[in-house]
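Listed here are the chains, written in short residue letters.
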Amino acid sequence: MEMEKLVSLCKRRGFLFQSSEIYGGLNGFWDYGPLGVELKRNVKEAWWRDMVSGHDDLSVLPGAPDSYEMTGLDCTIIMHPQVWKCSGHYDLFADMMQSCRQCKKLFRADHVWGLMRETEWANAIAETLASNFDAEQIEVDAEKLAKWAKDRKGGRRLAPGLALVRHPENTLASLQQSLAEMKADSFPVLLQHLATEDKKTSGLLTPCPECGGDLTEPREFNLMFETIVGALKDESNKAFLRPETAQGIFVNFKNVLDSTRVKIPFGIAQVGKSFRNEITPRNFTFRSREFEQMEIEFFCHPDSSQSWYKYWRDRRMQWYQDLGLAGERLILREHDPDELSHYSTGTADIEYAFPFLPAGEYGELEGIAHRGDFDLRSHMEGKLDEKSDPLVVQLDEHGKPKYRGSGKDLTYRDELTNERYIPHVIEPSAGADRATLAFLCEAYREDSAPDDKGNLQTRTVMSLHPRLAPVKAAVFPLVKKDGMPEVAKDIYRALKPKFSVSYDEKGAVGRRYRRQDEAGTPFCITVDGDSLIDRTVTIRDRDTLEQTRVRIDDIESEIENRIQS
Ligand code: GAP
């Protein structure tokens, strides 16, 4: 599937719009349109229902070492700044960033070479190289290449800031050296080679993917958005928009224990907005600056934590599969030991092969992490004692705790055994927008279906799982006369309080079906001449195109059953 087709359908049919589009948009921010808002709500509701409200804490689910309880929270976006100091975000939540000395644009250091391969100018230069220069003869052609790069029609127009264009004489020697080994059609690879391997000799810096200018050395850039709470704009009133929902759960751990009867093992869930000032937001909603997370912090005894880690990893993978991401495009990837955070004894990512990624690459949908007692301990410890882990409590240059924890007791006492301990945490942390995007990508397909005259026509179908589909059913009168609209409207009104349904009587019925196919509506209910005689209708299945006759009185239960199956 080509991503452009999906992006265009999302705009045309009202799934997603660029934020503030009439003012030129704001990079990294997206609005959900009339269909998109329903789809994303359904994703979040399916998650909440399956993980939290529908969870039966009396039974042991397959794979679970024990029965457990689930409960929820809805915390504020702005929290006490100390939360982010103790969580580590204040000091450590940073990306390495490079900026262009010429066009001033910012880039994530680890994205620069990936972006370079997609740039118009690098590809145009690569194309020109491939058609004008002989790969075999490239060594002798280096001087010609430098001339071309300086030429108005060549490099100067495409990438005026590129070192090769500005100072061909400086780069000539290293080019002559490297070109012999490189192919002319891999220009970005050649640049990477010159900038990294030969930097010392060639003096070539990493070129800016935007204009070819020189990038600065990488430096740290904290991703938290800052704001001011109150009227005084000074340091003491500085606060942050949360970069994750998880911390709201940790700091309320004691409140939940004290206000409910939950016993370990139990989980607290939260769905809500998070904000990250991403340096290079990209790939539609995949990396945005404002997005929603669906997070669970599952608290358990340290001895059973490995079993719970495996349980949550497998349960979360199954959830995506049950909702339609069941294929080779979805993978579960265990982190290698050298990828793990210092406090984690296991982390797995659920990843999806998004169509905007190069073949063989996957993008993260969700991370499931065994976080040990890191978070509760960090928010608890106000002083350093012999038990404090220096990796957990951040120390200043004098070996004293850098930030004071809350000093509150966040331990748990088992009423049966009287054992007191800091619970271990398993964290399944999912992105609602990334999940929604993956469901959209998976759903998009083109096939053929007969039109009103029986001729096969190409149709675009969003094969969303019925639980996720924005509109569950559309009701049509076959024609706009003979009492059919009246019956159809009665059916529409009867279904509306139960499901999201739409009514359409305009145009040929084939066209109406195709509009619903694009919106992902799984069922179309058509009232025809027979409906007036025997009070039956046809229900057309979006995916199989099968039409079944159903009694009007049974429509609701029929749709209900089909959504759940
Ligand atoms: N509490 C752990 C945590 O926040 P994370 O891997 O940074 O972990 C969890 O984020 C999930 O949130 C990711 O797997 C992804 O689905 C989503 N997410 C993170 N950054 C995002 C962004 N900039 N845009 C959209 N979704 C994002």
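Residues numbered from 1 in each chain as written. Predicted model: local features only at pLDDT ≥ 70, side-chain atom pairs only at ≥ 80, totals over all residues. Heavy atoms only, no water.

Turning our attention to the sheet that holds strand β16 (residues 424-431). Strand order in the open sheet formed by seven strands is β3-β9-β10-β16-β13-β12-β11, with mixed pairing between adjacent strands. In the strand order of this sheet, the two ends are held by β3 (69-72) and β11 (330-334), each with one partner. Each adjacent strand pair in this sheet contributes to an overall mean axis angle of 20 degrees, direction not counted. Across ten bridges, the pairing between strand β9 (residues 266-275) and strand β10 (residues 290-300) is antiparallel. Of the residues in β10, the one forming a bridge with G267 is F298. (Pairing = 2+ DSSP bridges. Helix = DSSP H or I, 4+ residues; strand = E, 2+ residues; numbered from the N terminus. Axes fitted to C-alpha atoms, helices over the stretch in contact; angles between N-to-C directions.)

Here the focus is the site of the ligand. The environment of the ligand is formed by 18 residues, the closest being E244, R276, S288, E295 and E364. Within the backbone of F286, one N or O atom sits 3.2 Å away from a nitrogen atom of the ligand. The contact in question runs from a nitrogen atom of the ligand to an N or O atom on the side chain of R434, over 3.5 Å. Against a free-state accessible area of 550 Å², the protein chains account for coverage of 88% of the ligand. Mapped by element, the contributors of at least two residues to the shell around the ligand are β10, β13 (363-372) and β16. For the shell around the ligand, the class distribution of residues is four nonpolar, five polar and nine charged. (Near = heavy atom within 4 Å. Polar contact = N/O pair within 3.5 Å; in protein donor to acceptor, adjacent residues only side chain to side chain. Areas by Shrake-Rupley, 256 points an atom, 1.4 Å probe, with all protein chains shown as cover. Nonpolar A, V, L, I, M, F, W, Y, C, P; charged D, E, K, R; others polar.)

Attention shifts here to the nonpolar core. Within the largest apolar cluster, 58 residues are counted, with the highest numbers of intra-cluster contacts made by W312, W319, Y320, F354 and F439. When residues in this core are grouped by element, the largest group, eight residues, is from helix α17 (residues 432-443). Excluding residues within four positions of it along the chain, F354 makes contact with F286, G363, L365, R434, L437, A438 and C441. (Core = buried A, V, L, I, M, F, W, Y, C linked by side-chain atoms within 4.5 Å. Buried < 20%, exposed > 50% of the residue type's maximum accessible area, 1.4 Å probe, protein only. Contact = heavy atoms within 4.5 Å.)

Right, let's get into the sheet that holds strand β4 (residues 94-99). Pairing within the open sheet is antiparallel, and its three strands lie in the order β5-β4-β6. A strand with exactly one partner marks an edge of an open sheet, and here the two such strands are β5 (106-108) and β6 (219-222). Strand after strand, the sheet turns through a mean of 50 degrees between neighbouring axes, direction not considered.

Attention shifts here to the layout of surface pockets. When its volume is computed, the second largest pocket comes out at roughly 510 Å³. Around the second largest pocket sit 22 residues that line it, and N27, L115, T280, P281 and R282 are the ones nearest its centre. Elements that contribute at least two residues to the lining of the second largest pocket include exactly β5 and α5 (112-118). Here the residues of the lining of the second largest pocket sort into ten nonpolar, six polar and six charged. Two domains each donate at least three residues to the lining of the second largest pocket, and these are domain 1 (58-81 + 228-439) and domain 2 (97-220). (1 Å grid on protein atoms, 1.4 Å probe; cavity = no way out; pocket = protein on both sides within 12 Å on 5 of 7 lines; lining within 4 Å. Points joined across faces, edges and corners; volume = space filled by probe spheres on them. Domains from an automatic or database assignment.)

Here helix α15 (residues 305-322) contains 18 residues, and its C-alpha end-to-end distance of 25 Å stays within 8% of the 26 Å for a straight helix at 1.5 Å per residue. Within α15 the residues assigned to the buried category are S305, W308, Y309, Y311, W312, R313, R315, R316, M317, W319 and Y320. Two residues or fewer past α15, G324 is found with a positive phi of approximately 115 degrees. (Expected span 1.5 Å × (residues − 1).)

Scanning all chains against the criterion turns up 25 aromatic pairs. When the ring of Y90 is compared with that of F240, the centres are 5.9 Å apart and the planes differ by 75 degrees; the resulting orientation is edge-to-face. One end of the pair, Y90, is in helix α4 (residues 89-92); the other, F240, is in strand β8 (residues 238-240), with 150 residues separating them in the sequence. Where W319 meets F439, the ring centres are 6.4 Å apart and the plane angle is 70 degrees; that geometry is what we call edge-to-face. With a gap of 120 residues between them, W319 in helix α15 and F439 in helix α17 connect regions that are remote in the sequence. In this structure an aromatic cluster arises from ring pairing among Y68, F298, W308, Y311 and W312. Across the ring face of Y90, the terminal group of K85 is positioned such that the distance to the ring centre comes to 4.9 Å. (Phe/Tyr/Trp six-rings, centres within 6.5 Å; stacked < 30°, edge-to-face > 60°. Lys NZ or Arg CZ within 6 Å of the ring centre and 35° of its normal.)

Let's shift gears to the packing of helix α2 (residues 34-53) against α15. Packing of α2 against α15 brings their axes to within 12 Å, and their N-to-C directions diverge by 140 degrees. Considering the angle they form, α2 stands oblique to α15. Between α2 and α15 lies a crossing whose hand is right-handed. On α15, the residues touching V43, A46, W47, D50 and M51 of α2 are W312, R315, R316 and W319. In terms of residue class, the contact of α2 with α15 is made up of six nonpolar, no polar and three charged. (Parallel < 35°, antiparallel > 145°, perpendicular 65-115°, else oblique. Left-handed = near helix turned anticlockwise from the far one by under 90°.)

Counting through the fold element by element, D349 comes out in strand β12 (residues 346-352). Residue contacts for D349: discarding those within four places in its chain leaves I331, L332, R333, H335, E364, E366 and G367.

There is a patch of like positive charges on the surface, built from K480, K489, K506 and R515. With respect to the secondary-structure elements, K489 resides in helix α18 (residues 484-495). Judged by relative accessible area, K489 falls into the partly exposed class, the value being 32%. (Patch = residues over 30% accessible without salt bridge, like charges linked within 9 Å, V, L, I, M, F, W, Y side chains within 5 Å. Salt bridge = Lys/Arg side-chain N within 4 Å of Asp/Glu carboxyl O. Lys, Arg positive; Asp, Glu negative; His and termini not counted. Charge placed at Lys NZ, Arg CZ, Asp CG, Glu CD.)

Assignment of secondary structure puts I264 in the loop between α14 (253-259) and β9. Sequence-wise, I264 and C300 are 36 residues apart; in three dimensions their C-alpha atoms are separated by 5.6 Å.

Moving on, we get to the pairing of β16. Here is the key point about a regular strand: its side chains alternate between the two faces of the sheet. With respect to burial, β16 is a largely interior element, eight of its eight residues being buried. Burial along β16 is two-sided: the face carrying H424, I426, P428 and A430 and the face carrying V425, E427, S429 and G431 are both buried. Across six bridges, the pairing between β13 and β16 is antiparallel. In the sheet register, G372 faces β16, and the bridge partner there is V425.

Turning to the pattern of salt bridges, a few remarks are in order. Summed over the entire model, instances satisfying the criterion amount to 39 salt bridges. E366 is the salt-bridge partner of R316, the closest N and O atoms lying 2.8 Å from each other. Pair noted here: R316 is in helix α15 and E366 is in strand β13, with a separation of 50 residues, a long-range link. Comparing R316 with E366 shows no difference in burial state: the two are buried. Between D528 and R549 there is a salt bridge, with the nearest N and O atoms lying 2.9 Å from each other. Placement of D528 in the loop between β21 (523-527) and α20 (529-534) and of R549 in strand β23 (residues 547-551) is noted, with a sequence separation of 21 residues between them. Each member of the salt-bridge network shares a partner with another, and the members are R445, D447, R459, D517, R540, R542 and D543.

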